[in-house]
2 protein chains.
Amino acid sequence: MAKDSRAKVYKSGRIRLDNEAQILRSAEQEFAEHGFQGASINSIAKRAGIPRTNVHYYFNSKLDLYMAILTGVIELWNDAFSRITADDDPAEALGAYIHAKVMYSRSNPHASKIFASEIIHGAPNLSVYFKKEFRPWFNAKAGVIQAWIEQGKMDAVDPYYLIFLIWSATQHYADFNLQVCAGLGKSKLTSNDYEDVSDNLTRIILKGCGLKLPDK
Amino acid sequence: MAKDSRAKVYKSGRIRLDNEAQILRSAEQEFAEHGFQGASINSIAKRAGIPRTNVHYYFNSKLDLYMAILTGVIELWNDAFSRITADDDPAEALGAYIHAKVMYSRSNPHASKIFASEIIHGAPNLSVYFKKEFRPWFNAKAGVIQAWIEQGKMDAVDPYYLIFLIWSATQHYADFNLQVCAGLGKSKLTSNDYEDVSDNLTRIILKGCGLKLPDK
DNA sequence: CAAAAAACTGACAGTCATGTCAGCTATTTG
DNA sequence: CAAATAGCTGACATGACTGTCAGTTTTTTG
């Protein structure tokens, strides 16, 4: 009996994996477009080409589905920053990080939007993450920048604010993509545009921290 | 008859003005917390201490109420930037603008969040604004920066990207306030914190554009 | 190929929200 | 103070969505 109730834990078969992936992809779009409350399981099911009740077979509730996406986003997100250490050259490391984040805004705009929307609306589903995991991780990363400063490698900017600056400036091109396109008079940013964004941001931010652009 | 149907246009009495203001205040909070779809007229009414049906007496639909707020936000928002001209000193003008925007994030976080959420989710209610008014205004502002560059007063950064940088960096402290507080280990940013933010951003961005900090 | 497991679905119950309207009450005004 | 206007509200019609469950179909496996 107890065994039976746990049976669902075994996520087996090819069918399950395929369908879960398909549902997650569709849900990511739907949540990005309409937010958690605005998204409907019905729409997600339609996007995925699967009957609504079948979506429920894979994900017990809308919140389950949402959380699966949200936690996935965060993992992917933190990865790019986690590799930077105090031994790296600051100009190179920060330049690479800015570039990676800009490209991430290009390749994963949905994820960025879902995350942003969650925080804007009070992060009701990330309170545990923000209360436990986030701060230690964030402090560690700020520590790397602080170390560079103490080694005299860059200006004594506040590491916390510098990180926020990089995050906001880069994520802007995913979250506010619509406004950016409207301002530039384009229907969509090209690969070149994103490179331009990355170059401009890198130039301003590195120089602003007293760092020289690394020659490529 | 035609006269009667227009009668509502005359927004008269003190009672109406009071109640409308109260409802708008409550709606701003509700929309910021839950987004357009997540907000309910019922909750707004409760916040305002007014029966739900009475809210409908003042605003025909939820969308009407939302639009009243959204358009108000945009007007307020554009004001700070609209005063800058090519004759101003760039360091001073940009510094003041950054400061104003940071302080705006402090005093009007709800408005910022509502605007951000609207754009993130595809700006379905601002399509007219973005198709008509926004670009000319935005180009004019970029033109001011371009003029400074041509006068040799600052580095040849792309004006468009510079504006986006300032917007994103400053609005971040309203929209992502929760993440910022979590990262800094505070429950709320103080007046001093916002001044620090403004100082740090100004320092990095101005230096990044080849401008000297104006001495206060 | 038959039994077991996984995948699927139609029908249902329950909840919550919006918007309308007729008729009520309070306030203003001549 | 009475007529006119503004403000208010209960009841109702309507629709959307979530989540459950029993029972069916498909797939896997021994």
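What counts, and where the lines are drawn
- Residues numbered from 1 in each chain as written.
- Chains lettered and ligands numbered in written order.
- Predicted model: local features only at pLDDT ≥ 70, side-chain atom pairs only at ≥ 80, totals over all residues.
- Heavy atoms only, no water.
- Axes fitted to C-alpha atoms, helices over the stretch in contact; angles between N-to-C directions.
- Helix = DSSP H or I, 4+ residues; strand = E, 2+ residues; numbered from the N terminus.
- Parallel < 35°, antiparallel > 145°, perpendicular 65-115°, else oblique.
- Contact = heavy atoms within 4.5 Å.
- Nonpolar A, V, L, I, M, F, W, Y, C, P; charged D, E, K, R; others polar.
- Polar contact = N/O pair within 3.5 Å; in protein donor to acceptor, adjacent residues only side chain to side chain.
- Core = buried A, V, L, I, M, F, W, Y, C linked by side-chain atoms within 4.5 Å.
- Buried < 20%, exposed > 50% of the residue type's maximum accessible area, 1.4 Å probe, protein only.
- Domains from an automatic or database assignment.
- Buried area = accessible area lost by both parts, 1.4 Å probe.
- Salt bridge = Lys/Arg side-chain N within 4 Å of Asp/Glu carboxyl O.
- Near = heavy atom within 4 Å.

J.: Whenever I open this one, the packing of helix 9 (residues 134-150) of chain A against helix 11 (residues 177-184) of chain B confuses me. Can you help?
T.: Any two packed helices are characterised by the angle at which their axes cross and by the distance between the axes. Orientation of helix 9 of chain A relative to helix 11 of chain B, taken along the N-to-C sense of each, is 75°, at an axis distance of 8 Å. Classed by the angle they form, the pair helix 9 of chain A and helix 11 of chain B counts as roughly perpendicular. Counted together, F134, R135, F138 and N139 of chain A of helix 9 of chain A and Q179, A182, G183 and L184 of chain B of helix 11 of chain B form the full contact between these two elements. Taken together, the residues of the contact of helix 9 of chain A with helix 11 of chain B break down into four nonpolar, three polar and one charged.

J.: How should the side chain of H121 of chain B be read in this particular structure?
T.: With respect to the helices, strands and loops of the structure, H121 of chain B is situated in the loop between helix 7 (109-120) and helix 8 (127-131). Only 3.2 Å separates the side chain of H121 of chain B from the side chain of S117 of chain A, close enough to count as a polar contact. Residues in contact with H121 of chain B, not counting those within four places in the same chain, are F31, A32, E33, H34, G35, S117 and H121 of chain A.

J.: What exactly am I supposed to notice about the nonpolar core here?
T.: Nonpolar side chains in soluble globular proteins tend to end up buried together. Judged by nonpolar contacts, the single largest core of 144 residues is most densely connected at L162 of chain A together with L162 of chain B. Filtering out sequence-adjacent residues up to four positions away, L162 of chain B remains in contact with I204 of chain A together with L94, I145, M154, V157, I205 and C209 of chain B.

J.: Can you help me understand the domain arrangement of chain A in this one?
T.: All names here are of chain A. Partitioning chain A into domains gives domain 1 (13-60) and domain 2 (62-216). Contacts between the two partners involve 15 residues from domain 1 and, on the opposite side, eleven residues from domain 2. Of the roughly 1300 Å² buried at the junction of domain 1 and domain 2 (both faces included), carbon and sulfur atoms supply 78%. On the domain 1 side of the contact with domain 2, E28, F31 and F36 bury the most area, a combined 43% of that side's loss. One can count zero salt bridges joining domain 1 with domain 2. Counting across the interface, domain 1 meets domain 2 through three residue pairs in polar contact (both at pLDDT 80 or more). At the level of secondary structure, the elements contributing two or more residues to the side of domain 1 that touches domain 2 comprise helix 2 (14-38) and helix 3 (41-48). Element by element, the count of residues in the side of domain 1 that touches domain 2 is highest for helix 2, at nine residues. When grouped by side-chain class, the residues that make up the side of domain 1 that touches domain 2 number eleven nonpolar, three polar and one charged.

J.: Could you clarify how one ought to interpret the environment of I50 of chain B in this entry?
T.: Residues and elements named next belong to chain B. On the secondary structure map, I50 appears in the loop between helix 3 (41-48) and helix 4 (52-58). Look at I50 and you get buried, because its relative accessible area is 11%. Once the C-alpha coordinates of I50 and Q22 are considered, the two residues, 28 residues apart in sequence, prove to be 9.2 Å apart. Among all residues touching I50, those that are not within four sequence positions of it are N19, I23, A45 and V55.

J.: Quick question: what am I supposed to make of the pattern of salt bridges here?
T.: Pairing of side chains with opposite charge becomes possible as their charged atoms draw close. Residues and elements named next belong to chain A. Counting across every chain of the model gives twelve salt bridges over all chains. Here R47 makes a salt bridge to E30, at a shortest N to O gap of 3.0 Å. Here R47 is found in helix 3, whereas its partner E30 is found in helix 2, with 17 residues between them in sequence. What makes R47 partly exposed here is its relative accessible area of 31%.

J.: Explain the protein's contact with DNA strand D here, please?
T.: The environment of DNA strand D is formed by 17 residues, the closest being S40, I41 and R52 of chain A together with P51 and Y58 of chain B. Atoms of DNA strand D within 4 Å of the protein: sugar and phosphate make up 57%, bases the balance. Separating a phosphate oxygen of DNA strand D from a side-chain N or O atom of R14 of chain A is a distance of 3.4 Å. Interatomic distance of 3.0 Å between a backbone N/O atom of K62 of chain A and a phosphate oxygen of DNA strand D. When residues of the surface near DNA strand D are traced back to their parent elements, those giving at least two are helix 4 (52-58) of chain A together with helix 2 (14-38) and helix 4 of chain B. Broken down by element, the residue count for the surface near DNA strand D peaks at four residues, all from helix 4 of chain B. Counted by class, the surface near DNA strand D contains six nonpolar, seven polar and four charged residues.

J.: How should the interface of chain B and chain A be read in this particular structure?
T.: Interfaces are often sized by the amount of accessible area the parts lose when they come together. With 57 residues of chain B at the interface, the matching set in chain A holds 57 residues. Taken over both partners, the interface formed by chain B and chain A buries close to 4900 Å², and the fraction arising from carbon and sulfur atoms is 68%. Its largest share of buried area at the contact with chain A, chain B owes to I120, Y161 and I204 of chain B, together 16% of the area lost on that side. Scanning the region where chain B abuts chain A turns up two salt bridges. A salt bridge links K207 of chain B to D155 of chain A, with the nearest nitrogen and oxygen atoms 2.5 Å apart. For the pair chain B and chain A, the interface holds six residue pairs in polar contact (both at pLDDT 80 or more). Taken together, the elements giving at least two residues each to the side of chain B that touches chain A come down to helix 2, helix 7, helix 9 (134-150), helix 10 (159-175), helix 11 and helix 12 (191-208) of chain B. At twelve residues, helix 10 of chain B tops the list of elements feeding residues into the side of chain B that touches chain A.

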